[in-house]
Amino acid sequence: MRPAEILFLFDYDRWATGEILDASLELSEAEWSADSVIGERGIGGILVHALGAHERWRSGFEGRPRLALREEAALPSQEELRGAWEGEWLAIRAFIDQLDEDRLDSTYNEAPLWQALVQLINHGTQHRSEAAVILTAAGDSPGDLDIVRFTFERTHGLDEAQSVAE
Amino acid sequence: MNLSDLGFLFGYERWATERVLVACTGIDEATWSSPNAIGERGLGGILVHTLGAHQRWRHGLAHGSESPRPEREPLPSVAELTAAWAAELDAMDGWLAGLDEATPLSVEDEAPFWQYLAHLANHGTQHRSEAAVLLTAAGHSPGDLDMIDYIEERAVAGHR
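Thresholds, definitions, all that
- Residues numbered from 1 in each chain as written.
- Chains lettered and ligands numbered in written order.
- Predicted model: local features only at pLDDT ≥ 70, side-chain atom pairs only at ≥ 80, totals over all residues.
- Helix = DSSP H or I, 4+ residues; strand = E, 2+ residues; numbered from the N terminus.
- Expected span 1.5 Å × (residues − 1).
- Buried ≥ 20, exposed ≤ 12 C-beta atoms within 10 Å, placed from the backbone.
- Arc of directions from axis to C-beta.
- Contact = placed C-beta atoms within 7 Å.
- pLDDT = per-residue confidence, 0-100.
- Nonpolar A, V, L, I, M, F, W, Y, C, P; charged D, E, K, R; others polar.
- Axes fitted to C-alpha atoms, helices over the stretch in contact; angles between N-to-C directions.
- Parallel < 35°, antiparallel > 145°, perpendicular 65-115°, else oblique.

## A few points about helix 4 (residues 78–98) of chain B
Residues and elements named next belong to chain B.
So, point 1. Compared with an ideal rise of 1.5 Å per residue, which puts 21 residues at 30 Å, helix 4 spans 30 Å between its outermost C-alpha atoms and is within 8% of the ideal.
So, point 2. Within helix 4 the residues assigned to the buried category are Leu81, Trp85, Glu88 and Met92. Projected down its long axis, helix 4 shows its buried positions confined to an angular sector of 65 degrees, all on one face. Exposed residues pointing more than 90 degrees away from the buried face of helix 4 are listed as Ala79, Glu80, Ala87, Asp90, Gly94, Ala97 and Gly98.
So, point 3. Summarising the contacts, the buried residues of helix 4 are in contact with helix 1 (3–24) and helix 3 (43–63).

The structure is reproduced here in structure tokens:
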């Protein structure tokens, strides 16, 4: 795995999460803060958890002490959560920018670092999917969040990307 | 992304998909076959679509064709779908094993080949998450499907 490929995946993660956060602006306060919609969480809780996991893994990669659980704090508003995500995107980009192939192949918790980074992307997709279920049921679908759409928006432009199936 | 990296992604795909299919065993017929649970699809429809997309992308990338449309066929049983998935996962492994190292970095329709495969793996995660929501609501949770659990199982088995 090469640094440019990891960067592509995290650019996708940022794009897809941004689509979800944009769609969530349409939700009412009750819809945003409801819990026990999927498992113990509602959409606000799901997106706070996704951010918290992102921050904790990134902090671990950087060798910093474990962060407090963001999930245990009061639920932020949609705007506050986007602001926090913006900070996290800057932080993960700064971390990725100093990676090279040797570092990506180095061991982090018994596996190559690149695998730990890819699992973080996968974790984000899992929870964005849950969030999309709730948003769609509320009439606020975030639209297509596939990687291939992100790829085609970059290579072919928005209009052609929208016609890509699956 | 090289062939070994792609092998890791699709190893996870197999591991997680098999967990979801095992959790479907014994599910009630209504949960399995009802549409409109998430968007237009129900549990069975979601997993058939995920299989169809897998088949079409593999066919498209390997042969330039995208013919399989299992979504248009009658809904299979859990056992039938599990068998179809096993055949597809084996076909994927066989196809990946036959690629040369230059293929993932080659360019297909202005994008690196590996990005289409990363899309396919990500598409599977997206729909397994939907399936897990329905399975959990029906009392058939597939358990934790995080990639980190797959990584830890591999580490215990001595893989890296």
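## Comments concerning the confidence of the model for chain B
So, point 1. Taken over all residues, the pLDDT of chain B has a mean of 96, while the share at 70 or more is 100%.
So, point 2. Scored as a complex, the prediction yields pTM 0.95 and ipTM 0.95.

## A few points about helix 6 (residues 147–156) of chain B
So, point 1. By the burial criterion, the buried members of helix 6 of chain B are B:Met147, B:Tyr150 and B:Ile151. Here the buried residues of helix 6 of chain B occupy an arc of 100 degrees about the axis, which is enough to place them on one side. The exposed set on the far side of helix 6 of chain B, more than 90 degrees from its buried face, consists of B:Glu153 and B:Val156.
So, point 2. Elements in contact with the buried residues of helix 6 of chain B: strand 2 (111–112) and helix 6 (113–137) of chain A together with helix 1 of chain B.

## With respect to unusual backbone geometry
So, point 1. Within the chain, A:Ser36 stands out as a residue other than glycine whose phi angle is a positive 55 degrees.
So, point 2. For A:Ser36, a count of 9 C-beta atoms within 10 Å gives the class exposed.

## Observations regarding the interface of chain A and chain B
So, point 1. Counting residues at the interface gives 25 residues for chain A, matched by 27 residues for chain B.
So, point 2. Of all the secondary structure elements, the ones that give two or more residues to the side of chain A that touches chain B are strand 2, helix 6 and helix 7 (147–155) of chain A.
So, point 3. A total of 11 residues in the side of chain A that touches chain B trace back to one element, the largest contributor, which is helix 6 of chain A.
So, point 4. Within the side of chain A that touches chain B, the residues separate by chemical class into eight nonpolar, 12 polar and five charged.

## Thoughts on the packing of helix 1 of chain B against helix 4 of chain B
Residues and elements named next belong to chain B.
So, point 1. Axis separation between helix 1 and helix 4 bottoms out at 11 Å; the angle between their running directions is 175 degrees. Classed by the angle they form, the pair helix 1 and helix 4 counts as roughly antiparallel. Residues Leu3, Leu6, Gly7, Phe10, Arg14, Thr17, Leu21 and Cys24 of helix 1 form the contact with helix 4, whose participating residues are Val78, Thr82, Trp85, Leu89, Met92, Asp93 and Leu96.
So, point 2. In terms of residue class, the contact of helix 1 with helix 4 is built from 10 nonpolar, three polar and two charged.

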